[in-house]
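# Chain and residue survey
Chain residues, written in single-letter form:
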Amino acid sequence: MNYVALKMLFGDRAKYLMLLCGLTFAVMLIVQQGSIFWGLMMWSQASITNLNVPIWVTDPGIAQVDEVKPLADTAVDRVRSLDGVEWAVPLYKGLLRARLATGEYHQITLTGLESATLIGRPAEVQEGRFEDILQPDAVVLDQWAVERMGGPTVVRVGTIFELNDKLARVVAIAKTQKSFTNIPVVYTTYEGAMRYVPRERRILSYVLAKHKDGVPVEDVVQRIRTQTGLGAFTQEDFGFKTYMWVLVNTGIGINFGTTILLGFIVGMAIAGQTFYLFTIENLRQFGALKAMGASSFTLARMILLQAFTVGLTGYGVGIGLATVFGFLTAQGGNLPFAETWQLLLLVLVALLAICLVSASVSIIKLARLEPAIVFR
Amino acid sequence: MNDDSQPAAVRARGIVKSFGTGDTQITVLKGIDLDIYLGELLLLVGESGGGKTTLLSAIAGILDINEGNIDVLGVPLSALPANKRTRFRGQTMGFIYQQFNLLPALTAAENVAVPLLIQNIGRSEALRRARGMLNRVGLPDRTEFLPKNLSGGQQQRVAIARALVNEPRLLICDEPTAALDGPNGQKIMELLREVGRSPDRCVIVVTHDSRIFHFGDRMASLTDGRITNIERIQQEGTA
Ligand SMILES: Nc1ncnc2c1ncn2[C@@H]1O[C@H](COP(=O)(O)OP(=O)(O)O)[C@@H](O)[C@H]1O
Ligand SMILES: [Mg+2]
């Protein structure tokens, strides 16, 4: 009877396409919304992932990466001296005003990397050589900074601007993940940062560290916490902390979360509803089968087969379309769009669940169905 | 042909069936007694809305009755649990409806094969037997047609082939000619008599079409919820 079930499903092209469209739309909606949400969340961690180091040592009361709480200069040495720490370097991160030759002001994030190692430097460079950052007054921008500050005609390699009344010369353009706040990032060395930043008591923002090979990173993080009293996180935990902070403390969590939840519910309702309608429209055919001696069990199997067949097809097509959409709109990283396998798995599970639920409703309906309707 | 000493294939006693509850309750069957014998074609007549379909559904075991007993081939239907009753129906009964009720997505041969597929007979064997059956109802060249590409009379032939493919002992037909024009209705009744009727099978045909009355062996009249008259029909040339 599997054969009969599939023929019933595919036989009525129009109905099948309607059904498929409903499910595809639902999947697309959810995947697209979910990916954008996830993309936004990735952006919120960009200032962490762009540096890509295993351990972040912070002020113990830190809330998130963009809200810097400076550390005592001695923190670097204290971390270095601990067992299991392979290396530890200072990082400066702070907001400054840049003044372009045109007279325009821009707020920027200045990132100061330790000059000996340049640990935390972006993985990709679009233009120029990152190492030139070691030259006097040299800075490196990321591509978003170029965009925000007026485009390549205004800012490019060789451009000179002012940071706190001191000269900064662009020697390279790096390629990074866009960040949530979209404040332009200017890289310099740690020593360079000390030159640009107005004299404060403390200039050290974070200590970046790595665990020794063979020592579990969590152990080292724990050791840093207990022995220095500082905050310490793995890259993933700090990212998680940051995006949870964004979720809770900005409108994004509520706004986007609601949209996505609605998308999810609407999508799933559409999926369930369309399939339920499909069975209802075929009630007479199922009644005829029941009159001919098909057991409720057989009919249930047929309906499940139909539900999962159309469900998986809709899933495939929906994901395909959502991916194409994401590819087209998020090209170049300008829009947040991160289609992760976790999301795809979640949607698959939810879709199968909804197929199962609507199939069950139909099955119960069929089990109660008096096959006598076929005489009408 | 049938003397009353032969056991009835269908034996219905005291059947009562009501629909609805309270003020809106209507009692459609008010105590039906009816015997149907192997080898005969019994016509069940009565005015529209009189309960003929309801009685058929009860005999087929697809509608629960309020009172009474129905034995089919010696098996008390009401004593069977629902799943056994369904299986029993699939093995012993064939159905023909006014609206044909073919599955629109299946070809003629596939439609005819469905009762066999339900009995877990392999697809190629089921289709082979289905084609043979379509041959017997005069549609050897229409086996791969979809119902929508067949005329009403042809669709009803497919339905007859489907009803017979399982070799049922009981063939239940509800107004099989009502959706067809006069000549086509006559042909369908001829087919039911020739192919459907056999010594070890009984055929019940519900109709209110007087033009086909002469195809029956006996005629039972259902009036006001009761069988009011059963008469033997004189066959042309056999009197
Ligand atoms: N499922 C049902 N619920 C309520 N009333 C019904 C139902 N089935 C049949 N009836 C009523 O029972 C009566 C007999 O119907 P039916 O057996 O179809 O008559 P016939 O086949 O003789 O035209 C009608 O009045 C009809 O409205
Ligand atoms: Mg009727």
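None of the values given here were measured: they were computed from a predicted structure. (Residues numbered from 1 in each chain as written. Chains lettered and ligands numbered in written order. Predicted model: local features only at pLDDT ≥ 70, side-chain atom pairs only at ≥ 80, totals over all residues. Heavy atoms only, no water.)

### So, the overall build of chain B
Operational definition: Note on conventions: DSSP H or I runs of at least 4 residues are helices, E runs of at least 2 residues are strands, and numbering of each starts at the N terminus. In this treatment the radius of gyration is a C-alpha quantity, and the globule benchmark scales as 2.2 Å times the residue count to the 0.38 power. Each residue gets one of three labels from its accessible area relative to the maximum for its type: buried under 20%, exposed over 50%, partly exposed in between, using a 1.4 Å probe on protein chains only. For the accessible areas, the method is Shrake-Rupley and the probe is 1.4 Å, while residue cover comes only from the protein chains on display. Neither His nor the chain termini are counted; the positive set is Lys and Arg, and the negative set is Asp and Glu. Here the site of a charge means NZ on Lys, CZ on Arg, CG on Asp, or CD on Glu.
Scanning chain B for helices and strands turns up six helices and 10 strands. The C-alpha atoms of chain B give a radius of gyration of 18 Å, which matches the 18 Å a tight globule of 239 residues would have. Buried positions account for 56% of the 239 residues belonging to chain B. A total accessible area of about 10300 Å² is found for chain B, and carbon and sulfur atoms account for 46% of it. For chain B, the distance from the average site of its 27 positive side-chain charges to the average site of its 26 negative ones is 6 Å.

### Side note on the domain arrangement of chain A
The cut-off we apply is this: Domain extents, as shown, originate in an automatic or database domain assignment.
When its domains are assigned, chain A resolves into domain 1 (2-43 + 251-375) and domain 2 (72-229). The gap between the C-alpha centroids of domain 1 of chain A and domain 2 of chain A is 48 Å.

### Looking at helix α5 (residues 152-164) of chain B
All names here are of chain B. Quick note on the threshold: For a helix, the expected span equals 1.5 Å multiplied by the number of residues minus one. The contact criterion used is simple: two residues touch if any of their non-hydrogen atoms lie within 4.5 Å.
Relative to the 18 Å expected for 13 residues at 1.5 Å per residue, α5 spans 18 Å between its end C-alpha atoms, a close match to the ideal helical length. Taken across its 13 residues, α5 has 12 buried, putting it largely inside the fold. Within α5, burial applies to Gly153, Gln154, Gln155, Gln156, Arg157, Val158, Ala159, Ile160, Ala161, Arg162, Ala163 and Leu164. In the core, the buried residues of α5 are packed alongside β6 (93-96), α3 (108-118), α4 (123-136), β7 (170-174) and α6 (182-196).

### Quick look at the packing of aromatic side chains
Put simply, the rule is: The aromatic pairing rule takes the rings of Phe, Tyr and Trp, using the six-membered ring of Trp, and pairs them if the centres are within 6.5 Å, calling planes under 30 degrees apart stacked, those over 60 edge-to-face and the rest tilted. Charge over a ring is defined by NZ of Lys or CZ of Arg lying within 6 Å of the ring centre and within 35 degrees of the ring normal.
For the coordinates displayed, the defined rule picks out nine aromatic pairs over all chains. Their ring planes at 85 degrees and their centres at 5.0 Å tell us that Phe10 of chain A and Tyr16 of chain A sit as a pair that is edge-to-face. Each ring, one from Phe130 of chain A and one from Tyr187 of chain A, has its centre 5.9 Å from the other, and the planes form 70 degrees; the classification is edge-to-face. Here Phe130 of chain A is found in the loop between β4 (124-128) and β5 (138-142), whereas its partner Tyr187 of chain A is found in strand β8 (residues 185-189), with 57 residues between them in sequence. Put simply, the rings of Trp56, Tyr206, Phe233 and Phe238 of chain A pair up and form one aromatic cluster. It is Arg97 of chain A that lies over the ring of Tyr105 of chain A; its NZ or CZ is 4.3 Å from the centre. If you follow Arg142 of chain B out to its NZ or CZ, it ends over the ring of Phe145 of chain B, 5.0 Å from the centre.

### Details of the sheet that holds strand β3 (residues 41-45) of chain B
Residues and elements named next belong to chain B. Here is the rule: Two strands qualify as a pair provided DSSP detects at least 2 bridges between them. Interaxial angle, 0 to 180 degrees, is taken between N-to-C directions of lines fitted to C-alpha atoms, where a helix line uses only the stretch in contact.
Spatially, six strands are ordered β6-β7-β8-β3-β9-β10 in an open sheet, and the strand pairing comes out mixed. Looking along the sheet, the strands with just one partner apiece sit at the ends: β6 and β10 (226-232). On average, each strand axis in the sheet is inclined to that of its neighbour by 20 degrees, with strand direction left out of account. Looking at chain direction, β3 and strand β8 (residues 202-206) are connected through four bridges and run parallel. Within β8, the position partnered with Leu41 by the bridge is Val203. Helix α2 (residues 82-92) rests against β6 and β7 of the sheet, and its axis sits at about 75 degrees to β6.

### Notes on the interface of chain A and chain B
When the parts of a complex come together, some accessible area is lost, and that lost area is often taken as the interface size. Put simply, the rule is: The term buried area refers to how much accessible surface (probe radius 1.4 Å) is lost by two components on association, counted for both of them together. What counts as a salt bridge is simple: a side-chain nitrogen of Lys or Arg found within 4 Å of a carboxyl oxygen of Asp or Glu. Contacts described as polar in this section are N or O atom pairs within 3.5 Å, which, within protein, must combine one atom able to donate a hydrogen with one able to accept it, while residues neighboring in sequence count only if both atoms come from side chains. Three classes are used, and their members are as follows: Ala, Val, Leu, Ile, Met, Phe, Trp, Tyr, Cys and Pro are nonpolar, Asp, Glu, Lys and Arg are charged, and the others, Gly among them, are polar.
Taken together, the 22 residues of chain A in the interface contact 26 residues of chain B. For the pair chain A and chain B, the summed buried area comes to about 2300 Å², and 68% of that belongs to carbon and sulfur atoms. When the buried surface of chain A facing chain B is broken down by residue, Tyr3, Met292 and Phe375 of chain A rank first, second and third, together holding 34% of it. Summed over the shared surface of chain A and chain B, the number is one salt bridge. Across the pair Lys7 of chain A and Glu110 of chain B runs a salt bridge whose closest N-O atoms are separated by 2.9 Å. Inspection of the region where chain A meets chain B yields five residue pairs in polar contact (both at pLDDT 80 or more). Among the elements of the structure, α1 (2-11) and α10 (283-291) of chain A are those that each provide at least two residues to the side of chain A that touches chain B. Considering each element in turn, the side of chain A that touches chain B owes the most residues, six residues, to α10 of chain A. By residue class, the composition of the side of chain A that touches chain B is 13 nonpolar, four polar and five charged.

### Considering the pattern of salt bridges
Scanning the entire structure with this criterion turns up 22 salt bridges over all chains. Its salt-bridge partner being Asp132 of chain A, residue Arg129 of chain A comes within 3.2 Å of it at the nearest N-O pair. On the accessibility criterion, Asp132 of chain A (16% relative accessible area) is buried. With a shortest N-O distance of 3.2 Å, Arg211 of chain B and Asp209 of chain B are connected by a salt bridge. When its relative accessible area of 16% is taken as the criterion, Asp209 of chain B is described as buried. Residues joined in a network through salt bridges with shared partners are Asp12, Lys15 and Glu281 of chain A.

### Brief notes about the site of ligand 1
Cut-off, in case you're wondering: For each residue, the test is whether any non-hydrogen atom lies within 4 Å of the molecule or strand; if one does, the residue is near.
Around ligand 1 sit Arg376 of chain A together with Phe19, Ile26, Val28, Glu47, Ser48, Gly49, Gly50, Gly51, Lys52, Thr53 and Thr54 of chain B, and that is every residue in its neighbourhood. One finds residues of chains A and B in close proximity to ligand 1. Gly49 of chain B places a polar main-chain atom, nitrogen or oxygen, 2.7 Å from an oxygen atom of ligand 1. At a separation of 2.7 Å, an oxygen atom of ligand 1 approaches a polar side-chain atom of Thr53 of chain B. Protein coverage of the free-state accessible area of ligand 1, which is 560 Å², stands at 64%. Residue assignment for the shell around ligand 1 shows that the elements contributing at least two residues are β2 (26-36) and α1 (52-60) of chain B. In terms of residue count, α1 of chain B provides more of the shell around ligand 1 than any other element does, three residues in total. Classifying every residue of the shell around ligand 1 by side-chain character gives three nonpolar, six polar and three charged.

### Structural notes on the side chain of Thr279 of chain A
Residue and element names in this part refer to chain A. Relative to the helices and strands, Thr279 resides in helix α9 (residues 251-281). The class for Thr279 is buried, based on a relative accessible area of 1%. With sequence-adjacent residues up to four places away left out, Thr279 is seen in contact with Phe286, Ile303 and Ser362.

### A short note on the environment of Phe88 of chain B
All names here are of chain B. Structurally, the position occupied by Phe88 is in helix α2. Note: C-alpha distance between Phe88 and Gly61 (27 residues apart in sequence) is 9.4 Å. For Phe88, the contacting residues outside a window of four places in its chain are Val72, Val75, Leu77, Leu80 and Met93.

### Examining a negative patch on the surface
Residues and elements named next belong to chain A. Heads up, the condition is: Within the patch definition used here, like charges are joined within 9 Å and nonpolar side chains (Val, Leu, Ile, Met, Phe, Trp, Tyr) within 5 Å, considering only residues with over 30% relative accessible area and no salt bridge.
Taken together, the side chains of Glu218, Asp219, Glu236 and Asp237 define an acidic patch exposed on the protein surface. Counting only elements with at least two residues in the negative patch, the list comes to α7 (217-228) and α8 (235-249). Inspection of the secondary structure puts Glu236 in helix α8.

### A look at the pairing of strand β1 (residues 10-19) of chain B
Residues and elements named next belong to chain B. With five bridges joining them, β1 and strand β4 (residues 67-72) adopt antiparallel strand pairing. Note on β4: the bridge partner recorded for Ala12 is Ile70. Taken together, the eight bridges between β1 and β2 define a ladder with antiparallel strand orientation. Within β2, the position partnered with Lys17 by the bridge is Leu29. Connecting β1 to the antiparallel partner β2 that follows it, the hairpin turn spans six residues, and Gly20 within it adopts a positive phi of roughly 80 degrees.

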